[in-house]
Amino acid sequence: MSAKSIFRLLLVSLIGTGPVLPSLTQEPALESQQQVRRMYVVIKNDGTEFLGTIVSQDEREVIIDTERIGRVAIPKHEIREIREVSQRDMRDGVYVGSNIFSSRYFFTTNGLSLKKGEHYALINLYGPEAHFSLADNFTLGGLTTWVGVPIVLSLKYAVHVTENLHFGLGLLGGTLSWYNFGSVGGLAYGSVTAGNFNNNLTFSGGYAGVTNGEDVSGSEPLLSIAGMVRLGKNISLVGDSFIYAGPNPFAIVMPGLRFSRNEQRAFQFGFAGVIVEGEAIPFPIPVLGWFLKI
């Protein structure tokens, strides 16, 4: 091979590998740009939220570049939480927030999972309850009435299968407390949830058993169909039901609305109706509830 042929071969090789070198040198820059473009929500102590990309932060302040009002400098001592925005925070490309209250309807729950440290309380007209996420996907809670009868312990384990499919396994166990400590009961249930924290539909079923210390009795299957639809950033349509599939079947149906200005609090109200032998009997007192993140 002549020197001229060798020179041509080397020239062709250099030209062929030329585009590879720039791509290797540009890859870190692309990764850096992707990191800069990550969206964060900064939540202040008063509940005010700022959505955007974090420009810089130090021990004194966080500077976030928002889409609406531009760059904002927030003192560190005024910030409650800084969280990266995930897919479940979005609806149709709009940020609606990650609301842990969406794991609950009126009186039933679903298969949506909570992260460790996500706790909430619910104040109803009939009494209070509180639920604590002790580990990822595992929640321990308790509920009662204002007179302390009954006292119920709640356990729930959620399984996240895909982005829009979730399973839940739970157990409710309680006693009539001071009225009759010997009377205890339990309800084991399972639930399948399709959807996410913004829009979901849940099918649940379980069995209950009670005893007074001497006799033990069980129930026919207990079923539930519940769901939630996010109508806007601050309002959701909530539906719940309780179905007894025994010899004398009946169902309790409860539609309602839930309002929340931020992720710390929410208020819901609904109207219940009982369906017996194909006849709907409305319940005249509205069902009210106040959610608090603790």
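Nothing here was measured: the structure is a model prediction, and the numbers come from that model.

Calculation notes
Residues numbered from 1 in each chain as written. Predicted model: local features only at pLDDT ≥ 70, side-chain atom pairs only at ≥ 80, totals over all residues. Heavy atoms only, no water. Helix = DSSP H or I, 4+ residues; strand = E, 2+ residues; numbered from the N terminus. Buried < 20%, exposed > 50% of the residue type's maximum accessible area, 1.4 Å probe, protein only. Contact = heavy atoms within 4.5 Å. Pairing = 2+ DSSP bridges. Axes fitted to C-alpha atoms, helices over the stretch in contact; angles between N-to-C directions. Phe/Tyr/Trp six-rings, centres within 6.5 Å; stacked < 30°, edge-to-face > 60°. Core = buried A, V, L, I, M, F, W, Y, C linked by side-chain atoms within 4.5 Å. Polar contact = N/O pair within 3.5 Å; in protein donor to acceptor, adjacent residues only side chain to side chain.

(A) Representation of the overall build of the protein. In terms of helices and strands, the protein carries two helices and 22 strands. Considering the protein as a whole, with its 294 residues, one finds that 35% of them fall into the buried category. Considering only contacts within the protein whose residues lie at least 6 apart along the sequence, 41% involve residues at least 24 apart.

(B) Region of interest: the sheet that holds strand S4 (residues 70-75). Overall, antiparallel pairing links the five strands, which are arranged S4-S3-S2-S1-S5 in an open sheet. A strand with exactly one partner marks an edge of an open sheet, and here the two such strands are S4 and strand S5 (79-84). Ignoring which end each strand starts from, the neighbouring axes of this sheet average 40° apart. Relative to S5, strand S1 (residues 40-44) is paired through five bridges, and the arrangement is antiparallel. Of the residues in S5, the one forming a bridge with Val42 is Ile82.

(C) Layout of the packing of aromatic side chains. Following the criterion strictly, the structure yields nine aromatic pairs and no others. Taken together, a centroid distance of 6.1 Å and an interplanar angle of 75° make the contact between Phe101 and Tyr120 edge-to-face. Of this pair, Phe101 sits in the loop between strand S7 (94-95) and strand S8 (120-124) while Tyr120 sits in strand S8; the two residues are 19 residues apart in sequence, bridging distant segments of the chain. By relative accessible area, which is 0% here, Phe101 ends up buried. Take Tyr120: its relative accessible area is 4%, and that puts it in the buried class. Here Tyr120 and Phe291 contribute two aromatic rings whose centre-to-centre distance is 6.1 Å and whose plane-to-plane angle is 45°, an arrangement assigned as tilted. Within this pair, whereas Tyr120 is found in strand S8, its partner Phe291 is found in strand S22 (residues 287-293), the two being separated by 171 residues in sequence. Each member of the pair, Tyr120 as well as Phe291, carries the same accessibility label: buried. Three or more aromatic residues joined by ring pairs make a cluster, and in this case those are Phe259, Phe267, Phe269, Phe271 and Trp290.

(D) Broad picture of the nonpolar core. Formed by Ile100, Phe101, Leu112, Leu114, Tyr120, Leu122, Phe197, Ala266 and Phe291, the largest nonpolar core amounts to nine residues. If we skip the residues at most four places from it in the chain, Ala266 touches Phe101, Arg258, Phe259, Ser260, Gly289, Trp290 and Phe291. Within the second largest apolar cluster, eight residues are counted, among which are Val42, Phe50, Ile74 and Ile79.

(E) Expanded view of the side chain of Ser241. Along the polypeptide, Ser241 turns up in strand S17 (residues 235-244). By relative accessible area, Ser241 is classed as buried at 8%. Polar side-chain contacts of Ser241 include one of 2.6 Å to the backbone oxygen of Ile225.

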